[in-house]
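# Structural overview for review
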Amino acid sequence: MHTSSNSHSNPKYKQTSYLNNKYTNQTINSKPSLSFHPSPFFSTMSPLTCSNFSLFLFLLTFTIFLMILPSSAMAVGLAKRHKSSKKPVPIPIPIPGFTASKPSCDIYTGTWVRDDSYPLYQSLNCPIIDSEFNCQLYGRPDTDYLKYRWKPLSCDLPRFDGVDFLTRMRGKSVMFVGDSLGRNQWESLICMIHASVPQSATQMSGGDPLYIYKFLEYGVTISFYRAPYLVDIESVQGKRVLRLDDISNNAIPWRGADILSFNSGHWWTHKGSLQGWDYMGDGGVYYNDMDRQIAFQKGLTTWANWVDQNIDPSRTRVFFQSISPTHYNQNEWANPMSKNCYGETVPISGSNYTGPYPAQMQVIRSVLNSMRTPVKLLDITTLSQLRKDAHPSIYSGDLTPVQKTDPDHSADCSHWCLPGLPDTWNQLFYASLFFS
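Residues numbered from 1 in each chain as written. Predicted model: local features only at pLDDT ≥ 70, side-chain atom pairs only at ≥ 80, totals over all residues. Heavy atoms only, no water.

## Concerning the sheet that holds strand 10 (residues 279-282)
- Read across the open sheet, the four strands follow the order 7-8-10-11; overall the sheet is mixed. Two strands lie at the open edges of the sheet, namely strand 7 (233-236) and strand 11 (285-287), each paired on one side alone. Going across the sheet, the axis of each strand differs from the next one's by a mean of 35°, ignoring polarity. (Pairing = 2+ DSSP bridges. Helix = DSSP H or I, 4+ residues; strand = E, 2+ residues; numbered from the N terminus. Axes fitted to C-alpha atoms, helices over the stretch in contact; angles between N-to-C directions.)

Below is the structure:
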């Protein structure tokens, strides 16, 4: 099913204010000053008796009370008006051992521990796994890579609960936007939910660039929109132009989503036959090429401006996934027999990776920090760097028999097996959505 025509109407977002009423033309007088004048009663008090003095104190206290009562009542009334105008703040449901809301709990720093209760689903039982991610179907002989759980150093993550996810998201929509790593995560989330409600009615529709999966009983829609660069690519005189300054066409289907999760990065580095454009365009000027970090920053800034101008944070939550690492350089881990991820069967122990941290993360953090709209960074880079064992390698339906005989040049060390690492990304996504 293609997106409905009204999704292309590109309506202008109108920001609404929480302050619908202003107090105008209202003056609150300060408390009146107290002055005392002699009265016939007081003038006759000579000498002052004990009983008369007690009566005097009573009358004085009562008079002061009467004079301050109106101001106090007004202050209380205004306080109630302001209090009632505030929207209630949802309180996360606590989970034993999970304290992600505390500064001491960094859910992205930890280690991989073996857990024989994993994986969370079987590939044969998931209706949506692409051939390039379906490692077990395409002959991967080992299964230990499926038995690892991410354990933060200072807390425990809640185990993913598909029924809980659907219940909380009833009637709402999640959209992943980005490249094939975003599709990797989208398929993973559907598999994880499907394992919890295997008999629940579902519907798959759409096609490139927008794929839509619905859990009909709950009215939950989980979509993937393919936009590797996020910004637009347009055809100019038969040439593909990567518009660093325009995102208007891609962004049309993003409007209206309750949760948006973006990713981008890998395609900005591709050259030669893997490059997805012929020219770059920026401000009416065309370039054969430019520094890719600068191009990435320009494109991501265009995305950030769109989010700031079009997303209402009270209605839509926005996530950005950090760079997913590759494992093509055997010098980044201690195994002299490796040439890439092929043949790797266990994670790297500990919490640190000896290889370089992706330079694109500097751009991502800089752009996110400059935005007005709150965007949650799903910082999966380092924990994924530890999983040199979790790639499809040669066990992918996208490879020919001849390619599978040449793992040094054909192994896929960029994407991830399903079940596998993207399930952890979604466990972190789930925790960030509902418990942090």
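That was the structure; now back to the text.
## So, the confidence of the model for the protein
- Counting all residues, the mean pLDDT for the protein is 83, and 76% of those residues have values of 70 or more.
- Low confidence marks residues 1-51, where pLDDT is under 50. Its contacts with residues over four positions away, or in another chain, come to 35 contacts.
- Counted against residues more than four places away or in other chains, residues 64-102, with its pLDDT under 50, gives 37 contacts. (pLDDT = per-residue confidence, 0-100. Contact = heavy atoms within 4.5 Å.)

## Thoughts on the pattern of salt bridges
- Scanning the entire structure with this criterion turns up 19 salt bridges.
- Salt-bridge contacts for Lys339 lead to Asp408; the nearest nitrogen and oxygen are separated by 3.3 Å. Taken together, the residues span a long stretch of sequence, with Lys339 in the loop between strand 12 (317-321) and helix 7 (360-369) and Asp408 in helix 10 (residues 407-410) at a distance of 69 residues.
- Linking Asp379 and Arg365 is a salt bridge whose minimum nitrogen-to-oxygen distance equals 2.9 Å. Residue Asp379 is located in the loop between strand 13 (375-378) and helix 8 (381-385), and its partner Arg365 is located in helix 7; the two are separated by 14 residues in the primary sequence.
- The class for Arg365 is partly exposed, based on a relative accessible area of 35%.
- One network of salt bridges, in which partners are shared, links Glu234, Arg243, Asp245 and Asp246. (Salt bridge = Lys/Arg side-chain N within 4 Å of Asp/Glu carboxyl O. Buried < 20%, exposed > 50% of the residue type's maximum accessible area, 1.4 Å probe, protein only.)

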